[in-house]
Amino acid sequence: MAKRKDPFGNYNFMVELDGLTRAGFKEASGLESSVDSHDYREGTDPGNIARKLPGQRKASSISLKRGLADDRALWDWHNKVVAGNLERHTISIILRDETGTEKMRWNVKNAWPTKWTGPNLDAGGSEASIETLELVHEGIEEGTKREERRHRSRSSCPAATST
């Protein structure tokens, strides 16, 4: 009998900035990539329907939400952009299973913040203050899991091979 494979939950993830885990995030959304299509038809094409050809790739904005605390890194990064000092970074969004083992990784290339949103404040509220950072980027790649990277580095290391 085949072992049942359940899908991963969407609640166990982490975000890395240039390979370093920054902070816990409440939500990461916008992992989306698409390719435009355009119609093309030649006069000698059979039938009365155009061919579909691929066009430019597009990537949606990534939105990161987290509880507002003493860590000003997101605010500072956005302020650098506002001041004209654009810093592009690789962001990795990592999906983990129930044991915390990395299962999937998406590397977001050349990301930089276009919008920072502060918390909604309410004197009668009792919820956490949430900040949001919206990032634009130049593409998403599925990355290798940490175990695969370790295995590759060991197998490519001359000291790890026996003669």
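Cut-offs and rules
Counting restarts for each chain: residues are numbered from 1 in the order of the written sequence. Where local features are concerned, this predicted model is filtered to residues with pLDDT of at least 70; where side-chain atom pairs are given and counted, the filter is 80 or more; whole-chain, interface and lining totals use all residues. For the side-chain quantities, the full set of heavy atoms in the structure was used; hydrogens and water were omitted. Among buried residues, the Ala, Val, Leu, Ile, Met, Phe, Trp, Tyr and Cys ones that are joined through side-chain atoms within 4.5 Å form a nonpolar core. The rule is simple: take the accessible area with a 1.4 Å probe, protein chains only, and divide by the maximum for that residue type; under 20% is buried, over 50% is exposed, in between is partly exposed. Helix and strand definitions here come from DSSP, where helices need a minimum of 4 consecutive H or I residues and strands a minimum of 2 consecutive E residues; each element is numbered from the N-terminal end. For this analysis, residues touch if any pair of their heavy atoms sits within 4.5 Å. We treat two strands as partners when DSSP finds at least two bridges between them. The rule is simple: put a 1 Å grid over the protein atoms alone, call a set of points where a 1.4 Å probe fits but cannot get out a cavity, call an open set with protein on both sides within 12 Å along at least five of seven lines a pocket, and count a residue as lining if it has an atom within 4 Å of a point. Grid points are joined across faces, edges and corners, and a volume is the space filled by probe spheres set on the points. Residue classes follow a fixed rule: Ala, Val, Leu, Ile, Met, Phe, Trp, Tyr, Cys and Pro count as nonpolar, while Asp, Glu, Lys and Arg count as charged, and any other residue, Gly among them, counts as polar.

I keep staring at the nonpolar core and nothing clicks. Help me out?
Side chains that are nonpolar tend, in soluble globular proteins, to be buried together. Core analysis: the largest hydrophobic core is formed by 14 residues, its most contacted members being Val15, Phe25, Ile62, Leu64, Trp77, Ile91 and Leu135. Secondary-structure elements contributing two or more residues to this core are β1 (13-17), β6 (62-67), α1 (73-82), β7 (89-96), β8 (102-117) and β9 (130-136). The leading source of residues in this core is β1, at 3 residues. If near-sequence neighbours (up to four positions away) are discounted, Phe25 is found in contact with Phe13, Val15, Leu64, Lys65, Arg66 and Leu74.

Just checking my understanding: could you explain the pairing of β6 for this structure?
Where strand β3 (residues 27-29) meets β6, 3 bridges bridge the pair, whose relative direction is antiparallel. Bridge pairing links Ala28 to Leu64 in β6.

Could you clarify how one ought to interpret unusual backbone geometry in this entry?
Most peptide bonds adopt trans geometry, and most residues besides glycine take a negative phi value. Despite not being glycine, Asn110 shows a phi value in the positive range, around 55°. Along the chain, the position of Asn110 falls in strand β8.

Before we go on, may I ask you to explain the layout of surface pockets in this structure?
Unfilled space is identified by rolling a water-sized probe across the atoms. By volume, the largest pocket is sized at about 270 Å³. Along its surface, the largest pocket is lined by 14 residues, and Asn120, Glu127, Ala128, Ser129 and Ile130 are the ones closest to its centre. Across the lining of the largest pocket, the residue classes break down as 4 nonpolar, 7 polar and 3 charged. Estimated volume of the second largest pocket: approximately 180 Å³. Of all elements in the fold, only β3 and β7 reach the threshold of two or more residues within the lining of the second largest pocket. Its residues assigned to classes, the lining of the second largest pocket shows 7 nonpolar, 2 polar and 2 charged.

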